Amino acid sequence: KEDIESALRTPGMGGFELLDLHDFPGQGTALVGVLDPFWEEKGYVTAREYRRFCGATVPLARLAKRVFTTAETLEADLEAAHFGPLPIVGLRDYRSPGLTCHPLTNRWNLRTSDGVARAAGQFVTDRIPVGGLTPLGRVVVDLRGLPAPARYKLTVRIHGQMWWNANSGRDLEAENDWDLWVYPDHPATGPTNDTLVRAQFDAAAQAHLQAGGRLLLTVPGAQVRNYAADPVKLGFSSIFWNTAWTGRQAPTTLGLLCDPTHPALAGFPTEDHSNWQWWYLLHRAGALRLDLLPRGLRPVVRLIDDWTTARPLALILEGRVGAGRILVCGFDLTHGADDPVSRQMRSSLLAYMASPRFAPTTALTVGQLERLVTPAPAPASP
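The shown structure was predicted, so the numbers you read here are calculated from the model rather than taken from an experiment.

Caption draft 1: Here's a closer look at unusual backbone geometry. With an omega dihedral of 5 degrees, the bond running from Ala 148 to Pro 149 counts as a cis peptide bond. Across the junction of Ala 250 and Pro 251, the peptide omega takes the value 0 degrees, indicating a cis bond. Along the chain, the position of Pro 251 falls in the loop between α4 (243-246) and β11 (253-258). Backbone geometry at Gln 27 places phi at a positive 50 degrees, although glycine is not the residue there. Within the element layout of this structure, Gln 27 appears in the loop between α1 (2-8) and α2 (47-53). Judged by relative accessible area, which is 42%, Gln 27 ranks as partly exposed. Of note in the backbone geometry, Arg 248 takes a positive phi value of approximately 60 degrees without being a glycine.

Here you go:
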């Protein structure tokens, strides 16, 4: 979606070409199609949804980013890429073609994930000609007072007509949407008295667990223990073609899988897969190796490995260590994690750890946890 819309937003772009619409079973197998090898839907997008951003008429939004705080203003320039047979004009009565057209009105709205409208507006356009980009208007929404944290959807709709002659025309509707996230500007990120936040599994962290405390171990991605011979190369985007054919070209992962209703994510709105808000965490994360931990451990967030290796990986997991309880992240939420997503993830995890619902059942040992991370680098000599 992002690739196609980027092409459509580019002035002077004559079009784009897709290699294929379905998975290619040759040359080592390339599972990069919108459809499977039998030209059937994979389950994540329908033909109707696909036409919203890949069709003759596509509403577009120029968004500088997808993540905002309640202290910011959402701004987006709206455009239409129209390559249909005729210009789009306002509505008029088919039975009275001689009447003046109503203005071409394009509508937008900002809704929560459960469909509640929080802002809306409309723009009047004389016509949308064939070819190129036509400006529709500018969206400006003050985000103060909006419920947060929450996932929102900005939707733009074009409704007009195309006329072949004075008596023959047809209606045209085109709609597109974009996911956005709004977080509190200053979420609560401080731990409770019995919760310790550490970026290293050092003696202090281990002593806190042995004393029955709660530990948020948030390891910098570069210090997560990787596979020596064939390392996991984490990425936000998916695998290109296949890693056997590309010499293990990065990335070697296929996004993530989680339960959006897990209490650890109660303050971090998400779907069961990765979306744009996860970029802030994934681009600096490391894959936690579940093969170093007891079988049957169910991570809070699972990473999906390359289909040729299919190794068990996690991004967030939890367990018991003696009388203590631990939650481990494969990314740092302490130093240099001052973006809205990292702050909100930290707030959500700490709120969960302070609640009675933080009751992991899998027993872990200090030795097992030590194997998850590489030794911290020695401090530089003065």
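Caption draft 2: Broad picture of the pairing of strand β15 (residues 324-329). Of all six residues that make up β15, five are buried, and the element is covered over most of its length. Note that strand β10 (residues 214-218) and β15 share five bridges and pair parallel. Paired with Leu 217 across the two strands is Val 328, which belongs to β15. Of the pairings in the sheet, the one linking strand β14 (residues 313-321) to β15 comprises six bridges and is antiparallel in character. Bridging across to β15, Gly 319 finds its partner in Ile 326.

Caption draft 3: Spatial organisation of helix α6 (residues 340-353). Here α6 is 14 residues long and its end C-alpha atoms lie 20 Å apart, about the 20 Å a rise of 1.5 Å per residue gives. Burial within α6 is extensive, with 13 of its 14 residues counted as buried. A distance of 3.1 Å separates the backbone nitrogen of Val 341 from a side-chain oxygen at the start of α6, and that oxygen is part of Asp 339.

Caption draft 4: Region of interest: the packing of aromatic side chains. All told, the structure shown has eight aromatic pairs when counted by the stated rule. Judged by centre distance (6.2 Å) and plane angle (15 degrees), the ring pair of Tyr 183 and Phe 268 falls under stacked. Here Phe 268 lies in the loop between β11 and α5 (279-282) and Tyr 183 lies in strand β8 (residues 168-183), a separation of 85 residues in the sequence. Owing to a relative accessible area of 0%, Tyr 183 belongs among the buried residues under this scheme. In this structure an aromatic cluster arises from ring pairing among Phe 24, Phe 240 and Trp 241. A cation over an aromatic ring shows up here: Arg 289 above the ring of Tyr 227, its NZ or CZ 3.8 Å from the ring centre. A cation over an aromatic ring shows up here: Arg 311 above the ring of Tyr 227, its NZ or CZ 4.4 Å from the ring centre.

Caption draft 5: Looking closely at the environment of Asp 142. Here Asp 142 shows up in strand β6 (residues 133-142). Discounting chain neighbours no more than four positions away, the residues touching Asp 142 are Glu 72 and Thr 73. Of the polar contacts made by the side chain of Asp 142, one reaches the side chain of Arg 144; its length is 2.6 Å.

Caption draft 6: Quick look at the sheet that holds β8. The sheet built from five strands is open, its strands ordered β2-β8-β7-β4-β5 with mixed pairing. Of all the strands in the sheet, just β2 (67-69) and β5 (117-125) have a single pairing partner and so form its edges. On average, each strand axis in the sheet is tilted by 25 degrees relative to the strand beside it, whichever way the strands run. When strand β4 (residues 104-112) meets strand β7 (residues 150-165), the two strands line up antiparallel, connected through seven bridges. Within β7, the position partnered with Trp 108 by the bridge is Val 156. Packed onto the sheet, α6 meets β2 and β8 and runs at close to 70 degrees relative to β2.

Caption draft 7: Summary view of the environment of Val 373. The topology assignment puts Val 373 in the segment after α7 (366-372). Taking C-alpha positions, Val 373 is 20 Å from Thr 252, a pair spaced 121 residues apart along the chain. Not counting the four nearest positions on each side in its chain, Val 373 is found in contact with Val 219, Gln 223, Val 224 and Arg 225.

Caption draft 8: Spotlight on the side chain of Arg 151. As for its placement among the helices and strands, Arg 151 is situated in strand β7. A distance of 3.3 Å separates polar atoms of two side chains, one belonging to Arg 151 and the other to Asp 179. If near-sequence neighbours (up to four positions away) are discounted, Arg 151 is found in contact with Arg 111, Thr 112, Ser 113, Asp 179, Leu 180, Trp 181, Pro 269 and Glu 271.

Caption draft 9: Highlighting the nonpolar core. Ranked by size, the top nonpolar core spans 35 residues in total, and within it Trp 278, Val 301, Leu 315, Ile 316, Leu 327, Phe 331 and Met 345 carry the most contacts. Going through the elements one at a time, β8, β11, α5, β13 (301-305), β14, β15 and α6 are the ones with two or more residues in this core. Per element, the largest residue contribution to this core is six residues, and it comes from α6. One finds Ala 119, Val 139, Leu 154 and Ile 158 within the second-largest nonpolar core, a separate group that totals 31 residues.

The rules we used
Residues numbered from 1 in each chain as written. Predicted model: local features only at pLDDT ≥ 70, side-chain atom pairs only at ≥ 80, totals over all residues. Heavy atoms only, no water. Helix = DSSP H or I, 4+ residues; strand = E, 2+ residues; numbered from the N terminus. Buried < 20%, exposed > 50% of the residue type's maximum accessible area, 1.4 Å probe, protein only. Pairing = 2+ DSSP bridges. Expected span 1.5 Å × (residues − 1). Polar contact = N/O pair within 3.5 Å; in protein donor to acceptor, adjacent residues only side chain to side chain. Phe/Tyr/Trp six-rings, centres within 6.5 Å; stacked < 30°, edge-to-face > 60°. Lys NZ or Arg CZ within 6 Å of the ring centre and 35° of its normal. Contact = heavy atoms within 4.5 Å. Axes fitted to C-alpha atoms, helices over the stretch in contact; angles between N-to-C directions. Core = buried A, V, L, I, M, F, W, Y, C linked by side-chain atoms within 4.5 Å.

The quantities given are spatial measurements derived from coordinates; they are silent on function.
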